[in-house]
Amino acid sequence: SQTIHQWPATLVQPVGSPLSLECTVEGTSNPNLYWYRQAAGRGLQLLFYSVGIGQISSEVPQNLSASRPQDRQFILSSKKLLLSDSGFYLCAWRSEGFGTEAFFGQGTRLTVV
Amino acid sequence: AQRVTQPEKLLSVFKGAPVELKCNYSYSGSPELFWYVQYSRQRLQLLLRHISRESIKGFTADLNKGETSFHLKKPFAQEEDSAMYYCALRSNQAGTALIFGKGTTLSVSS
């Protein structure tokens, strides 16, 4: 069966520090991968998505970047965190195809102090 | 551009009352539409998708292309339905993203 792992679950980082959140998927190949930020009143904001290794699409200009070094690994990064980067980050995957379901990780609560 | 609008942030109903969570979308082609639900302390998960035309936990949603809507309905709400509900849209073209609305919190009280 397919599983998605996202870590860490919580993270407190000082302003100006780097960030690396990792997401891995098991049990499937060539998944579509997504990073979302979930915020009260703003819903689920799509940050990045990837349809293959090295292929990253950015939806929102920001202080963050994403990379997909392996087929089932998706990394969210920042060189210097801002206070406004605080939030709840969700990774998700789905198979390509009409009407396929997206599966979500447990999320990472990031607090920038 | 693709857009999903959920006009209500919060919907409060009594147990046994009908529920309708509104979702309107903006997309010029043939969309794929979904409802996702997040119960307290659980992961976001799929509730239903328009292509299945199914009823899940008593919920149904009909795609109305004329009104560009995909409202979620349930005739009799239960307390365990209390959760955050997200409407989502994806283009039927390969390699496109899944985008979500801002979500509606459903609160069912006895």
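The paragraphs below set out a description of the structure included in this document. (Residues numbered from 1 in each chain as written. Chains lettered and ligands numbered in written order. Predicted model: local features only at pLDDT ≥ 70, side-chain atom pairs only at ≥ 80, totals over all residues. Heavy atoms only, no water.)

### Structural notes on the pattern of salt bridges
Note the threshold: Here, a salt bridge means any side-chain nitrogen of Lys or Arg that lies within 4 Å of a carboxyl oxygen of Asp or Glu. Strands here mean DSSP runs of E at least two residues long; helices mean DSSP runs of H or I at least four residues long; both are numbered from the N terminus. Each residue's exposure class comes from its accessible area (1.4 Å probe, protein chains only) as a fraction of the maximum for that residue type: buried when under 20%, exposed when over 50%, partly exposed otherwise.
Evaluation of the coordinates by the stated rule reveals seven salt bridges over all chains. In this structure, the salt-bridge partner of D71 of chain A is R68 of chain A, at a minimum N-O distance of 3.2 Å. The partner of R90 of chain B in a salt bridge is E32 of chain B, with the nearest N and O atoms 2.9 Å apart. Here the residue R90 of chain B occupies a position in strand β9 (residues 83-91), and E32 of chain B occupies one in strand β5 (residues 31-38), the gap between them amounting to 58 residues. You'll find R90 of chain B and E32 of chain B in the same group, each marked buried.

### Examining the layout of surface pockets
Applied cut-off: For cavity detection a 1 Å grid was placed over the protein atoms alone, and a set of points counts as a cavity when a 1.4 Å probe fits there but cannot get out; an open set counts as a pocket when protein lies on both sides within 12 Å along at least five of seven lines, with lining residues being those that have an atom within 4 Å of a point. Grid points are joined across faces, edges and corners, and a volume is the space filled by probe spheres set on the points. All amino acids are sorted into three groups, where Ala, Val, Leu, Ile, Met, Phe, Trp, Tyr, Cys and Pro are nonpolar, Asp, Glu, Lys and Arg are charged, and the leftover types, Gly among them, are polar.
Quantified by volume, the largest pocket comes out at close to 430 Å³. If you go around the largest pocket, you meet 15 residues; those closest to its centre are R42, L44, Q45 and L46 of chain A together with F100 of chain B. Of all the secondary structure elements, the ones that give two or more residues to the lining of the largest pocket are β5 (43-52) of chain A together with β1 (3-5) and β10 (98-100) of chain B. Partitioned by chemical class, the residues of the lining of the largest pocket number six nonpolar, five polar and four charged. When its volume is computed, the second largest pocket comes out at roughly 230 Å³. When grouped by side-chain class, the residues that make up the lining of the second largest pocket number six nonpolar, eight polar and three charged.

### Some details on the state of the cysteines
Residue and element names in this part refer to chain A. How we decide: The definition used for a disulfide is geometric: two cysteine sulfur atoms within 2.5 Å.
Within this structure, the stated rule accounts for two disulfides over all chains. A sulfur-sulfur distance of 2.0 Å marks the disulfide that ties C23 to C91. Across the S-S bond linking C23 and C91, the dihedral sits near -80°, which makes this disulfide left-handed. Remark: C91 occurs in strand β9 (residues 87-94) and C23 occurs in strand β3 (residues 19-26); sequence separation between them is 68 residues. Overall, C23 belongs to the buried group, its relative accessible area being 1%. A residue is classified by how much of its surface remains accessible, and C91, at 0% relative accessible area, is buried.

### Some details on the pairing of β3 of chain A
Residues and elements named next belong to chain A. Which entries qualify depends on this criterion: Between any two strands, pairing holds if DSSP finds at least two bridges.
Taken together, the five bridges between strand β1 (residues 3-7) and β3 define a ladder with antiparallel strand orientation. Looking at the pairing, I4 lines up with V25 of β3. Relative to strand β8 (residues 73-78), β3 is paired through six bridges, and the arrangement is antiparallel. Residue pairing for β8: C23 is matched across the bridge by F74.

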